[in-house]
Amino acid sequence: MKVLIVYHVGLASDAKSLFSEYAKQGIDLSVILPEKIIGGEGYAPEGFTFDKQSSKENYKIFPVALKNPKNYGAGFKFFQLFAAIKMIKPDVIYVLDEYTSFYLSQVILCRNMLYGRKVPVICYAFQNVASFFKSPKMVFTSPARFVKRIMRKIAQPTLFLFHKKYLDGVMACNNEAIENITNAGAKMPKEKIFWGVDFAKFYPKDKARCREQLGMLPNVKLIGYVGRIIEEKGVDEALQAARNLSEYHLAFVGIGEHEVRLKKLASDLG
């Protein structure tokens, strides 16, 4: 079976591990990824650039330029994407992005033009926040942002209608994402399949030694947060709650623009 995966962060090490595992299972795998992508803080700020010379993967790579390397949400350059999908001739197309993704629309359109409905397209969803599926409020902060809001109000229902009609399946890593997509009117098959874990890197270790290295008391009850240190994640609320739990230790693992403020809040709260 010829499987095509399309992923905007396909050059990241965790993605490479995932792709390599597919190929080890005997799947004829091709991957479309950006020639270059520049991430924000918490997403490799320096970004990733495809280097053919150092690429030695056990699957085929097709680099395609993004319209804007700093904003993958604007999608790929369409004719490059079309040419790559035509060259690959896949049996299944798997888009590692949300149901609300614009480049998912691009992939579906390319598929429809090249193969009709013979080649199924499925996506992988994380979005557990319902507001992503609602039309934005018309708040005026600047002329440019106001115009963008109007365009989104027009484009979003069109995109959802297109995906509802032509997307063949959804995988998601949580129940809320499936619920949000179902509430948006999507009737295609959906299944929860959690994101893969690399057991060569993640396995039980000596808990006492780890705590000693981090300067934690050996018997303390530990609460851990792993992710971007940004206000939207509710990190402030976690800290406020932890101040009332004297027998617990709260550990944050990650980076983000809220890190300095969070450290100050931790200091203020003692």
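Above: the structure in question.
These remarks concern the structure in this document. (Residues numbered from 1 in each chain as written. Predicted model: local features only at pLDDT ≥ 70, side-chain atom pairs only at ≥ 80, totals over all residues. Heavy atoms only, no water.)

Here's the deal with the packing of aromatic side chains
Phase 1: Scanning the model with the defined rule gives 12 aromatic pairs in all.
Phase 2: When the ring of tyrosine 124 is compared with that of phenylalanine 126, the centres are 5.2 Å apart and the planes differ by 70°; the resulting orientation is edge-to-face.
Phase 3: Judged by its relative accessible area of 3%, tyrosine 124 is buried.
Phase 4: Members of the aromatic cluster, connected to one another through ring pairs, are Tyr7, Tyr124, Phe126 and Trp195.
Phase 5: Its end group placed over the ring of tyrosine 203, lysine 205 keeps NZ or CZ at 4.7 Å from the ring centre. (Phe/Tyr/Trp six-rings, centres within 6.5 Å; stacked < 30°, edge-to-face > 60°. Buried < 20%, exposed > 50% of the residue type's maximum accessible area, 1.4 Å probe, protein only. Lys NZ or Arg CZ within 6 Å of the ring centre and 35° of its normal.)

Brief notes about the layout of surface pockets
Phase 1: Approximately 390 Å³ is the volume attributed to the second largest pocket.
Phase 2: Around the second largest pocket, the lining is made up of 17 residues, and of these Leu239, Ala242, Leu250, Phe252 and Ala266 lie nearest the centre.
Phase 3: Secondary-structure elements contributing two or more residues to the lining of the second largest pocket are α7 (235-242), β11 (248-253) and α8 (259-268).
Phase 4: Partitioned by chemical class, the residues of the lining of the second largest pocket number 10 nonpolar, 4 polar and 3 charged. (1 Å grid on protein atoms, 1.4 Å probe; cavity = no way out; pocket = protein on both sides within 12 Å on 5 of 7 lines; lining within 4 Å. Points joined across faces, edges and corners; volume = space filled by probe spheres on them. Helix = DSSP H or I, 4+ residues; strand = E, 2+ residues; numbered from the N terminus. Nonpolar A, V, L, I, M, F, W, Y, C, P; charged D, E, K, R; others polar.)

What about the packing of α7 against α8?
Phase 1: At a minimum axis separation of 10 Å, α7 and α8 run at an interaxial angle of 15°. One finds that α7 runs roughly parallel with respect to α8. Every pair of crossing elements has a handedness; the one defined by α7 and α8 is right-handed. Taking contact as the criterion, the partners of Val235, Asp236, Leu239 and Gln240 in α7 are, on α8, Arg261, Leu262, Leu265 and Ala266.
Phase 2: The residue makeup of the contact of α7 with α8, split by class, is 5 nonpolar, 1 polar and 2 charged. (Axes fitted to C-alpha atoms, helices over the stretch in contact; angles between N-to-C directions. Parallel < 35°, antiparallel > 145°, perpendicular 65-115°, else oblique. Left-handed = near helix turned anticlockwise from the far one by under 90°. Contact = heavy atoms within 4.5 Å.)

Observations regarding the nonpolar core
Phase 1: Counting residues in each nonpolar core, the largest one holds 55 residues, and the members touching the most others are Ile32 and Tyr99.
Phase 2: Excluding anything up to four places from it in sequence, isoleucine 32 contacts Leu4, Ile5, Val6, Tyr7, Phe62, Val64, Phe76, Leu81, Ala84, Ile85 and Ile88.
Phase 3: Within the second largest apolar cluster, 7 residues are counted, among which are Tyr225, Ile229, Val235 and Leu239. (Core = buried A, V, L, I, M, F, W, Y, C linked by side-chain atoms within 4.5 Å.)

So, the sheet that holds strand β6 (residues 92-95)
Remark on secondary structure: sheet strands pair via backbone hydrogen bonds, oriented parallel or antiparallel.
Phase 1: Read across the open sheet, the 7 strands follow the order β5-β2-β1-β6-β7-β8-β9; overall the sheet is parallel. Edge strands, defined here as strands with exactly one partner in the open sheet, are β5 (60-64) and β9 (190-192). The sheet shows a mean angle of 20° between the axes of neighbouring strands, direction not considered.
Phase 2: Packing against the sheet, helix α2 (residues 78-88) makes contact with β1 (2-6), β2 (28-34), β5 and β6, and its axis sits at approximately 160° to β5. (Pairing = 2+ DSSP bridges.)

Thoughts on the pairing of β2
Phase 1: Here β2 lies mainly inside the structure; 6 of its 7 residues are buried.
Phase 2: With 5 bridges joining them, β1 and β2 adopt parallel strand pairing. Bridge pairing links isoleucine 5 to valine 31 in β2.
Phase 3: Between the parallel pair β1 and β2, the chain is carried across by helix α1 (residues 13-24), and the sense of this crossover is right-handed.
Phase 4: Pairing geometry for β2 and β5, over 5 bridges, is parallel. What sits directly across from leucine 33, in β5, is proline 63. (Right-handed = clockwise from strand over helix to strand, strands pointing away.)

Section: the pattern of salt bridges
Phase 1: Counting across every chain of the model gives 7 salt bridges.
Phase 2: A salt bridge links aspartate 168 to arginine 117, with the shortest nitrogen-to-oxygen separation between them at 2.9 Å. With aspartate 168 in the loop between α4 (143-166) and β8 (169-172) and arginine 117 in the loop between α3 (102-115) and β7 (121-125), this pair connects stretches of sequence that are 51 residues apart.
Phase 3: Owing to a relative accessible area of 23%, aspartate 168 belongs among the partly exposed residues under this scheme.
Phase 4: Here arginine 117 falls in the partly exposed class, since its relative accessible area comes to 42%.
Phase 5: Linking aspartate 268 and lysine 264 is a salt bridge whose minimum nitrogen-to-oxygen distance equals 3.0 Å. Residue aspartate 268 and its partner lysine 264 are located together in helix α8, separated by 4 residues, close to a single helical turn. (Salt bridge = Lys/Arg side-chain N within 4 Å of Asp/Glu carboxyl O.)

Structural notes on the environment of arginine 209
Phase 1: Looking at where arginine 209 falls in the secondary structure, it is placed in helix α6 (residues 207-213).
Phase 2: A relative accessible area of 54% places arginine 209 in the exposed class.
Phase 3: Considered as a pair, arginine 209 and serine 30 are 179 residues apart in the sequence and their alpha carbons are 42 Å apart.

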